[in-house]
Amino acid sequence: MEHLNKALTALFATLLLLAPHIMATDPDPLQDFCVADLNGKPSVNGYPCQPSSSAGDEFLFSTKIASGGDPLANPNGSNVTELDVNEWPGVNTLGVSMNRVDFAPGGTNPPHIHPRATEVGMVTRGELLVGIIGTLDSGNRYYSKVVHAGETFVIPRGLMHFQFNVGKEPATMVVSFNTQNPGIIFVPLTLFGSSPPIPTPVLVKALRVDAEVVELLKSKFTGGY
């Protein structure tokens, strides 16, 4: 019986320690709104609040994603217009943010990961191939579908995914996240454009290619996207 009590106590203590990580998400706000003071230092749940007397109605509204950027301005053929807390201080502590992505024909939003957010998106123009790659738990299964204007998709938190314009016309999507700062890890840029660079022998062994191939890929991502 004593051994059972000790085991239950250890289990309970472990669950208490794990609980904050299991339920991890943006903390709940403690006020109606907290317009970010972007000059302040972020804490656990966001930036410090501006005084309510200086936070006017305009912080609750934004026109930033009403129009997008030029998708031909970079080699990917896509342009991301971000609307996170740094671009929209009114979402500070609210646990939400948005992006607009515009695609040229054949443009792609390269394989990437949002480490802190689940993503829900809607294609508003054109048609996009949306691909999602599961973890090793699913056998690295690849899920995909061509999503048309007016249709939606969801990307589970932390899973690698991409979008690719398979149409002959420009395409646009708007996505939302369940955090004010989802973060992003572009897989190709992370592997071949990190600073300082990942040692070539590591990538040779991991990717099972020659060093010349690795060096070529690194040269493509010098300076980022």
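Read on for a plain summary of the structure. Note that this is a predicted model, so its numbers are computed, not measured. (Residues numbered from 1 in each chain as written. Predicted model: local features only at pLDDT ≥ 70, side-chain atom pairs only at ≥ 80, totals over all residues. Heavy atoms only, no water.)

## Describing the sheet that holds strand S5 (residues 127-133)
With respect to topology, 5 strands assemble into an open sheet ordered S6-S5-S8-S3-S10, the strand pairing being antiparallel. The sheet is open, and its two edges are formed by strand S6 (142-148) and strand S10 (185-186), each paired on a single side. Bridge count for S5 against S6 is 7 bridges, and the pairing is antiparallel. Residue pairing in the sheet places Ile132 in a bridge with Tyr143 of S6. (Pairing = 2+ DSSP bridges. Helix = DSSP H or I, 4+ residues; strand = E, 2+ residues; numbered from the N terminus.)

## What to know about the pairing of strand S3 (residues 108-113)
Among the 6 residues in S3, 5 count as buried, and that is most of the element. The pairing of S3 with strand S8 (residues 160-165) spans 3 bridges and is antiparallel. Bridging across to S8, Asn109 finds its partner in Gln163. As defined by bridge partners, S3 adjoins S10 across 2 bridges and the pair is classed as antiparallel. In the strand pairing of S10, Ile113 is matched with Ile185. (Buried < 20%, exposed > 50% of the residue type's maximum accessible area, 1.4 Å probe, protein only.)

## What about the packing of helix H3 (residues 200-207) against helix H4 (residues 211-220)?
Relative orientation of the contacting elements H3 and H4 amounts to 110°, with a least axis distance of 9 Å. Judged by the inter-axis angle, H3 sits roughly perpendicular to H4. The handedness of the crossing between H3 and H4 comes out as right-handed. Contacts between H3 and H4 involve Thr200, Leu203 and Val204 on the former and, on the latter, Ala211, Val214, Glu215 and Lys218. Each residue belonging to the contact of H3 with H4 can be placed in one class, and the counts come to 4 nonpolar, 1 polar and 2 charged. (Axes fitted to C-alpha atoms, helices over the stretch in contact; angles between N-to-C directions. Parallel < 35°, antiparallel > 145°, perpendicular 65-115°, else oblique. Left-handed = near helix turned anticlockwise from the far one by under 90°. Contact = heavy atoms within 4.5 Å. Nonpolar A, V, L, I, M, F, W, Y, C, P; charged D, E, K, R; others polar.)

## Re the packing of aromatic side chains
Remark: the centre distance and the inter-plane angle together describe each pair of aromatic rings, the angle taken between the planes. In total, this model carries 2 aromatic pairs according to the counting rule given. With 6.2 Å between their ring centres and 15° between their planes, Tyr142 and Phe162 make a pair best called stacked. Taken together, the positions of Tyr142 in strand S6 and Phe162 in strand S8 put the pair 20 residues apart, joining distant regions of the chain. Judged by relative accessible area, Tyr142 falls into the partly exposed class, the value being 42%. Look at Phe162 and you get buried, because its relative accessible area is 15%. (Phe/Tyr/Trp six-rings, centres within 6.5 Å; stacked < 30°, edge-to-face > 60°.)

## Quick notes on the sheet that holds strand S2 (residues 97-103)
Pairing is antiparallel across the open sheet formed by 5 strands, whose spatial order is S1-S2-S9-S4-S7. The sheet terminates laterally at strand S1 (78-83) and strand S7 (152-155), the two strands that pair on one side only. On average, adjacent strands in this sheet sit at an angle of 20° to one another, irrespective of strand direction. Where S2 meets strand S9 (residues 171-177), 7 bridges bridge the pair, whose relative direction is antiparallel. Within S9, the position partnered with Ser97 by the bridge is Phe177.

## Focus on the side chain of Asn92
Structurally, the position occupied by Asn92 is in the loop between S1 and S2. Here the side chain of Asn92 touches Gln180 through a polar contact of 3.4 Å, side chain to side chain. Not counting the four nearest positions on each side in its chain, Asn92 is found in contact with Cys34, Val35, Ala36, Asn45, Gly46, Tyr47, Pro48, Val85 and Gln180. (Polar contact = N/O pair within 3.5 Å; in protein donor to acceptor, adjacent residues only side chain to side chain.)

## Describing the pattern of salt bridges
Here the structure, examined in full by the defined rule, presents 3 salt bridges. Here Arg100 makes a salt bridge to Asp102, at a shortest N to O gap of 2.9 Å. You'll find Arg100 and Asp102 in the same group, each marked buried. For the salt bridge of Arg125 with Asp102, the shortest nitrogen-to-oxygen distance reads 3.7 Å. Of this pair, Arg125 sits in strand S4 (residues 119-125) while Asp102 sits in strand S2, and the two are 23 residues apart along the sequence. Since its relative accessible area comes to 4%, Asp102 is described here as buried. Through salt bridges with shared partners, a single ionic network connects Arg100, Asp102 and Arg125. (Salt bridge = Lys/Arg side-chain N within 4 Å of Asp/Glu carboxyl O.)

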